[in-house]
Amino acid sequence: MKNLDFAAELHLKLGVPASRTVESLRLLRAFLKLAPRQRFEVIKLVEDLAAEEALPDHPLS
């Protein structure tokens, strides 16, 4: 940030962000740098992985 007083004030008010928050912001920044087609592929991959986790390991019947 260019305005160090502003950054210091935010730090005092909000504290230090959690490492998970910082990592999420890094991932978001990387995602936004991708081409639209690559973004689509990442979203599809995450959706597929989430769907696989939702399925039970064994059949219910």
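Quick caveat, the model's predicted, so the values are computed rather than measured.

Draft legend 1. Main features of the overall build of the chain. Of regular secondary structure, the chain possesses three helices and zero strands. When the helices and strands of the chain are read in sequence order from the N terminus, they spell out α-α-α. Counting all 61 residues of the chain, 0% fall into the buried class.

Draft legend 2. Representation of the pattern of salt bridges. Here the structure, examined in full by the defined rule, presents four salt bridges. Among the ionic pairs, R26 bridges to E23, the shortest N-O distance being 3.8 Å. Of the two residues, R26 and E23 both sit in helix α2 (residues 19-33), three residues apart, roughly one turn of that helix. For R26, a relative accessible area of 52% corresponds to the exposed category.

Draft legend 3. Geometry of the packing of aromatic side chains. Per the counting criterion, the structure on display carries zero aromatic pairs. When the ring centre of F31 is taken as origin, the NZ or CZ atom of R39, which lies over that ring, is 5.9 Å away.

Draft legend 4. View of a nonpolar patch on the surface. Together, L25, L28 and L32 line one region of the surface with nonpolar side chains, adding up to about 290 Å² of accessible area. Turning to its location among the elements, L28 is positioned in helix α2. Judged by its relative accessible area of 44%, L28 is partly exposed.

Draft legend 5. Molecular detail of the confidence of the model for the chain. Mean pLDDT over the chain: 86, with 85% of residues reaching 70 or higher. Model confidence for the chain, summarised as mean pLDDT per element, is weakest for helix α1 (residues 4-14) at 86 and strongest for α2 at 94.

Criteria and cut-off values
- Residues numbered from 1 in each chain as written.
- Predicted model: local features only at pLDDT ≥ 70, side-chain atom pairs only at ≥ 80, totals over all residues.
- Heavy atoms only, no water.
- Helix = DSSP H or I, 4+ residues; strand = E, 2+ residues; numbered from the N terminus.
- Buried < 20%, exposed > 50% of the residue type's maximum accessible area, 1.4 Å probe, protein only.
- Salt bridge = Lys/Arg side-chain N within 4 Å of Asp/Glu carboxyl O.
- Phe/Tyr/Trp six-rings, centres within 6.5 Å; stacked < 30°, edge-to-face > 60°.
- Lys NZ or Arg CZ within 6 Å of the ring centre and 35° of its normal.
- Patch = residues over 30% accessible without salt bridge, like charges linked within 9 Å, V, L, I, M, F, W, Y side chains within 5 Å.
- Areas by Shrake-Rupley, 256 points an atom, 1.4 Å probe, with all protein chains shown as cover.
- pLDDT = per-residue confidence, 0-100.

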